[in-house]
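Notes for the structure review
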Amino acid sequence: MNEITIEAGRAERQYWRDLWRYRELFYFLAWRDILVRYKQTVIGVAWAVIRPMLTMIVLTFIFGNLAKMPSGGIPYPILVFCGMLPWQFFATAFSESGNSLVSNAGMISKVYFPRLVVPVSSVITSFVDFLISAVLLGLMMAYYRYLPGATILVLPVFVLLAFATAFGSGLWISALMVRYRDFRYIVPFVVQFGLYISPVGFSSNVVPPEWRLLYSLNPMVGVIDGFRWALLGETNIYWPGFYISVAGVIFLIVTGIWYFRKTERTFADVI
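Anyway, here's the lowdown on the structure attached to this text. (Residues numbered from 1 in each chain as written. Predicted model: local features only at pLDDT ≥ 70, side-chain atom pairs only at ≥ 80, totals over all residues. Heavy atoms only, no water.)

Observations regarding the packing of helix α4 (residues 76-103) against helix α7 (residues 155-179)
Between α4 and α7, the least distance of the axes is 8 Å, while the angle of their chain directions is 30°. When the axis of α4 is compared with that of α7, the two are roughly parallel. The chirality of how α4 crosses α7 is right-handed. Contact with α4, carried on its side by F89, F90, A93, F94, S97, G98, N99, S100, L101 and V102, involves A162, F163, T165, A166, S169, G170, I173, S174, A175, M177 and V178 of α7 and no other residues of that element. In the contact of α4 with α7, the residues fall into 13 nonpolar, eight polar and no charged. (Axes fitted to C-alpha atoms, helices over the stretch in contact; angles between N-to-C directions. Helix = DSSP H or I, 4+ residues; strand = E, 2+ residues; numbered from the N terminus. Parallel < 35°, antiparallel > 145°, perpendicular 65-115°, else oblique. Left-handed = near helix turned anticlockwise from the far one by under 90°. Contact = heavy atoms within 4.5 Å. Nonpolar A, V, L, I, M, F, W, Y, C, P; charged D, E, K, R; others polar.)

Structure follows, in structure tokens:
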């Protein structure tokens, strides 16, 4: 007679083992999304450069030429593009993650695999665009003869922080989108609004000191400030606010995983 042992927490541990077993699915879905995104386009992956480039030109004109925002001696296009780089990555990953589960409804309703793979693969796809845009930033810095200092060695830390921010927010919006399709209209507004309340077109040093702590509740503030500090050597990074942003990112990931796992079992029924 076979004996069945029910062990508390075993299903949860098995889920994370399955996530490792299905690791090749990350690359498959990410590669598929890249091919689909640029299929039948005239200039292909060049769109990964054109979009942030055009946005950088507009923001430089508005904040640099019209508003006369200070740049601390840094060429304004570089200041803006350093903010555009992590922001564009986050905005693209946030939007793509939101639609990821709904777009893969057929696969989710018929085949078992850890659903966490789907939004994460969307973040990976957006990270490819990030890397392409990073090459353009390098060319711009060479053009302006603005070389980064030793702080560039810690840039991978802030890249990881940007990835974590996109991951945590992507888990929330993808799970919410399955149950509440209204979020398909909310996401574009959040992305557009977030562009102007995040220090993309300006340095966060222009924010009055009494508002800096509150302003740092936006997790992207710490990410963008970190990028500029690592690449441009901005010495006035507001470290208390940066720590708050890091705490916000950790909160996003922990609660995002909790909510995603809580609702995951119902995806196939409601999608």
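Here we look at helix α8 (residues 183-197)
In this model α8 runs 20 Å from its N-terminal to its C-terminal C-alpha over 15 residues, within 8% of the 21 Å that 1.5 Å per residue would give. Buried within α8 are the following residues: V187, V191, G194 and L195. Looking straight down α8, one finds its buried side chains confined to an arc of 105°; they lie on one side. For α8, the exposed residues set more than 90 degrees away from the buried face come down to Y185, F189 and Q192. The elements touched by buried residues of α8 are α3 (47-66), α4 and α7. (Expected span 1.5 Å × (residues − 1). Buried < 20%, exposed > 50% of the residue type's maximum accessible area, 1.4 Å probe, protein only. Arc of directions from axis to C-beta.)

Comments concerning the pattern of salt bridges
Counted by the stated rule, this structure contains four salt bridges. Residues R32 and D33 are paired through a salt bridge, measuring 3.0 Å at the closest nitrogen-oxygen approach. Between E264 and R261 there is a salt bridge, with its nearest N and O atoms 2.8 Å apart. Placement of both E264 and R261 in helix α11 (residues 239-264) is noted, with a separation of three residues, approximately one turn of the helix. Just as E264 is buried, R261 falls in that class too. (Salt bridge = Lys/Arg side-chain N within 4 Å of Asp/Glu carboxyl O.)

Describing the nonpolar core
Within the largest apolar cluster, 52 residues are counted, with the highest numbers of intra-cluster contacts made by W87, F227 and L232. Counting only elements with at least two residues in this core, the list comes to α3, α4, α6 (117-143), α7, α8, α10 (219-232) and α11. Ranked by residue count, the leading element in this core is α4, at 14 residues. Not counting the four nearest positions on each side in its chain, L232 is found in contact with I74, I78, L79, C82, M141, Y146 and F227. (Core = buried A, V, L, I, M, F, W, Y, C linked by side-chain atoms within 4.5 Å.)

Here's the deal with empty space enclosed by the protein
Scanning the model with the defined rule gives one cavity of 30 Å³ or more in all. Taken as a whole, the largest cavity holds about 60 Å³ of empty space. What lines the largest cavity is A48, R51, P52, L85, Q88, F89, T92, S126, D129, F130 and S133. When residues of the lining of the largest cavity are traced back to their parent elements, those giving at least two are α3, α4 and α6. Split into classes, the residues belonging to the lining of the largest cavity amount to five nonpolar, four polar and two charged. (1 Å grid on protein atoms, 1.4 Å probe; cavity = no way out; pocket = protein on both sides within 12 Å on 5 of 7 lines; lining within 4 Å. Points joined across faces, edges and corners; volume = space filled by probe spheres on them.)

Section: the layout of surface pockets
Roughly 320 Å³ of volume is contained in the largest pocket. The set of elements that each furnish at least two residues to the lining of the largest pocket consists of α4, α7, α8 and α10. By residue class, the composition of the lining of the largest pocket is 13 nonpolar, five polar and no charged. Roughly 180 Å³ of internal volume is contained in the second largest pocket. Around the second largest pocket, the lining is made up of 13 residues, and of these R32, D33, E96, S103 and S122 lie nearest the centre.

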